Structures are given as structure tokens and as C-alpha cells.
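Here's the letter readout for the chains.
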Amino acid sequence: MDAVKGADGVFVLDTGSTDDSVKLLEEAGATVNTEVFSPFRFDVARNRSLELAGDADLYVCLDLDEVPEPGWRNALEQAYAQNPQANRFTYRYVWSKNPDGSDGVVFWADKIHKKGFHWRAPVHEVLAPDKGIQSVTASVYGLQITHYPDHKKSRASYLPLLELAAKEDPQDDRTAHYLGREYMYAKRYKDAIRELTRHLSLPSAVWRDERAASMRYISTCYSALGDKTEATAWALRAVAESPDTREPYLRLARAFYEIGNFAGVLYACTTALSITHRKLSYITEPDAWGAPLHDLLSIAYYHFGQYKKAAGAARTALSFGDDERIAANLKLFENK
């Protein structure tokens, strides 16, 4: 509420909180409505919240764990004035923070819009233009919204809602990708492989980075199932699909490590680290830009007797944060 004091109005739809959220929000100046939806769907709830917000030039959709950084309104007003034809605005979105406080997953989000839009999909909902409206997007430079996720929060509702979304629109590639990923998180590895393979078969699944993500998730699932051959094969496919992103190479390095192919680990890590441009999309993962590649590289160097290089890579890995295992490895490499 402190972060959005510059807004002309703050409207909150509470869908069943059991703490003091409503009281605290109202005391801070928000207009709060409480409605329980059964069965719950994110698109229905968001569309209702949009109705309750009433008439406005611009709508900024926020969850309670999302904070606009200072200067957000000025940046938004400038973009609004400079792009009169635009009815939808993108901005820098920090989805997560690393342990050292640096930005983790970062991408451009698009939850700011004028009238003429509605929300679609039971979960991982997206903005869609109303019938007869053409979406025209402009970027808001200088506007950042930071997400502070509660990692203890249950994901139990996501899977059934994603299954519902896939049933409602089986040809939607985005839903298929998210559903397969959710099966992986739930350790339903065979279901994940099936759904992610289906994602790759859909005619609309053409975004190479997302396709590569599905491939490396399939690789991860095969690793969990103990099939190292398929895990390596799918990691190689992911690299071929998106050779200019680090994430597939990290999955490949892990797959090579599992089979003891340290020449492969060396190749995958050094190639990944030669990629210095980090794409701003939700496909990027902090691990690929943190310690793991340097850690695996140090182990590969060690196996080839290159102890000084191994120690250097281990020191770099430790620069991302303390890790007892990596510290122990560093001591071993230095003694060698």
C-alpha cells in the first residue's frame, strides 16, 4: 500500500483470506470487496476485480506480493503520453531475488492496460482483448514491479486448474507447457513427459526458447526416473533448439555429469559461460547465471588434472554464496 500511494484508487478483491488483510488494507486506504468463488478460477476472480475498479484511464493489475518500485507512476504517465495509440503496456518484472539480493528471474510483463480487455484461463491467466479490440503494446522504461514470493505457499490449486485449462483448450501450447512443468514439480514424471511431448507436437508451439524448456524438463524427468540415456538425448535436443541460451547447456552439463562424461561437462559449461546475454523472459533460471555452471566446471577440470583451473572455477562458484561442499572441493583442488 505504501508503494501504490501514487495511484488514484486502490481496489482489492479478497477471495477468502483468513487473517487481517481486509482490515489492514482498508485502514491503509484501499477499497476492499470480499467474494468467494466456488469453484475458484483466477480469470473469473480477476475479471470481477476489474469490474469493481470502475472507470479509469489505466488499470495496473497487482497481486499483494508485488511491489511497484518508486517512480512507477511518472514512468507510466510518460509512456501513456508518448504512445497514445497503445492500450497495453509492458514493464520490467522481477519475479524472484537471489540469496545475495540480486535479481533472479526477470522478464517483461504486461498486466497494465486500458479498457477493452479481459482475463482468460483458469490459472496462469492472460489478458485478452475484447471482441473488436486490437491489442497495441508499448514498453514503459523505468517502471519495475518486484515480486516477493512466499515459497511456503501451497501450489496445490495449480495442478487441477491447469488440467482444467488444458481440457478447455487442448490446443493452447502455453497451457500444455505449464501443465507439463507442474507435473514435473509434483514429481509425476511420466505425466510430465507425456504432456511436455504433447506441447512440442502442437502447431502453435513455435517459440524455440519455450520448446527448449520443455525438452530440458523432459530430460530432468528422465533423470529422475533413472533413464540417463534419454535424459542426455533430450538435453542435447534442448541445446539444439535454443543454442543461444544458457539454461539448456546447464541441463546438458548435469546429464553428462550423471553418466561420468566429464569432457561433455567441460564442453557444456564452457559453452554456456560464453553466453553473456541474459534474455528477459520467464524461461531464464537463476541457476544458469549463478554457481552451478562454475561448480560443475571445477569438477570437470579436476577430473582432467587441471587443478589450478578447478580451484579458480570453484572460487567463482563460491562467490555466489557459501556452500560447504564447494568449499571442501576448493580445499581439495588447492591441496592438489
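Here we summarise the structure given alongside this text. Sequence order as written defines the numbering, with residues in each chain counted from 1. Given that this is a predicted model, residues contribute local features only at a pLDDT of at least 70 and side-chain atom pairs are listed and counted only at 80 or more, while totals for whole chains, interfaces and linings are drawn from all residues. Values reported for side chains reflect all heavy atoms of the structure, with hydrogen atoms and water molecules removed beforehand.

### Focus on the overall build of the protein
Thought 1: Secondary structure elements follow DSSP: runs of H or I of four or more residues count as helices, runs of E of two or more count as strands, with numbering from the N terminus. Across its full length, the protein carries 13 helices and nine strands.
Thought 2: Taking all 336 residues of the protein together, the buried fraction comes to 46%.
Thought 3: Any two residues whose heavy atoms approach within 4.5 Å at even a single point are treated as in contact. Residue pairs at least 24 apart in sequence account for 60% of intrachain contacts in the protein once pairs closer than 6 positions are excluded.
Thought 4: Here the protein displays about 17,500 Å² of accessible surface, and carbon together with sulfur accounts for 52% of that area.
Thought 5: Mean positive and mean negative side-chain charge positions of the protein (41 and 46 charges, respectively) differ by 6 Å. Under the scheme applied here, a residue whose accessible area is under 20% of the maximum for its type counts as buried, over 50% as exposed, and between as partly exposed, the area being computed with a 1.4 Å probe on protein chains only. For the area figures, the Shrake-Rupley method with a 1.4 Å probe applies, and any residue is considered shielded solely by the protein chains shown. Charge convention: Lys and Arg are scored as positive, Asp and Glu as negative, and His as well as the terminal groups of each chain are ignored. In plain terms, the charge of a residue is placed at NZ if it is Lys, CZ if Arg, CG if Asp and CD if Glu.

### Quick notes on the sheet that holds strand β6 (residues 106–113)
Thought 1: The strand order β3-β6-β5-β9-β4 describes an open sheet built from five strands, whose pairing is mixed. In the strand order of this sheet, the two ends are held by β3 (59–60) and β4 (66–68), each with one partner. Strand pairing requires that DSSP identify at least two bridges connecting the strands.

### With respect to the environment of K187
Thought 1: Relative to the helices and strands, K187 is located in the loop between α5 (173–185) and α6 (189–201).
Thought 2: Judged by relative accessible area, which is 62%, K187 ranks as exposed.

### Digging into the pattern of salt bridges
A pair can form between side chains of opposite charge whenever their charged atoms are brought close.
Thought 1: Any Lys or Arg side-chain nitrogen located within 4 Å of an Asp or Glu carboxyl oxygen qualifies as a salt bridge. Counted under the stated rule, the structure contains 26 salt bridges.
Thought 2: Here E258 and R251 are joined by a salt bridge, their closest N and O atoms 3.9 Å apart.
Thought 3: Classification of E258 by relative accessible area gives partly exposed; the value is 30%.
Thought 4: Three or more residues are tied together by salt bridges with common partners; here these are E163, R188, D191 and R194.

### Quick word on the packing of α5 against helix α7 (residues 208–224)
Thought 1: To obtain an axis, a line is fitted to C-alpha atoms, over the contacting stretch when the element is a helix, and the angle between two such axes runs from 0 to 180 degrees between their N-to-C directions. Closest axis-to-axis distance for the α5/α7 pair is 10 Å, and the angle between their directions is 25°. As summarised for this structure, α5 and α7 are arranged roughly parallel, according to the angle between their axes. Relative to α7, the crossing made by α5 is left-handed. The residues of α7 that touch α5, namely those facing D173, H177, R181 and M184, are E210, A213, S214, Y217, T220 and C221. Throughout this description, any angle smaller than 35 degrees is read as roughly parallel, any larger than 145 degrees as roughly antiparallel, any in the 65 to 115 degree range as roughly perpendicular, and the remainder as oblique. By definition, turning the near helix anticlockwise from the far helix through less than a right angle yields a left-handed crossing, and turning it clockwise yields a right-handed one.

### Notes on the pairing of strand β9 (residues 137–147)
Thought 1: Taken together, the three bridges between β4 and β9 define a ladder with antiparallel strand orientation. The residue of β9 that forms the bridge with V67 is T146.
Thought 2: Inspection of the sheet shows strand β5 (residues 88–94) paired to β9 by six bridges, in the parallel sense. Bridging across to β9, F89 finds its partner in A138.

### A word on unusual backbone geometry
Across residues other than glycine, the phi torsion is negative in most instances, and most of the peptide bonds are trans.
Thought 1: Residue P39 is bonded to the preceding S38 through a cis peptide linkage, with omega at -5°.
Thought 2: Tracing the chain through its elements places P39 in the loop between β2 (31–34) and α2 (42–53).
Thought 3: Even without being glycine, A121 reaches a positive phi, approximately 105°.
Thought 4: For A121, the position within the fold is in the loop between β7 (117–120) and β8 (126–129).
Thought 5: Under the relative-accessibility criterion, A121 is labelled buried at 11%.
Thought 6: Look at H124: it is not a glycine, yet its phi comes out positive at around 50°.
Thought 7: Tracing the sequence through the fold places H124 in the loop between β7 and β8.

### Looking at helix α10 (residues 262–273)
Thought 1: Any helix carries an expected span of 1.5 Å times its number of residues minus one. Compared with an ideal rise of 1.5 Å per residue, which puts twelve residues at 16 Å, α10 spans 16 Å between its outermost C-alpha atoms and is within 8% of the ideal.
Thought 2: The complete set of buried residues in α10 reads F262, G264, V265, A268, C269, T271 and A272.
Thought 3: Where α10 is buried, its residues touch α9 (246–258) and α11 (292–303).

### Let's talk about the environment of S214
Thought 1: When you line up the elements, S214 lands in helix α7.
Thought 2: Look at S214 and you get buried, because its relative accessible area is 0%.
Thought 3: Linking S214 and G312, residues 98 residues apart in sequence, is a C-alpha distance of 33 Å.
Thought 4: Leave out the neighbours within four places in its chain, and S214 touches H177, L196, H199 and L200.

Honestly, that's just the spatial picture; any functional story needs more than this.
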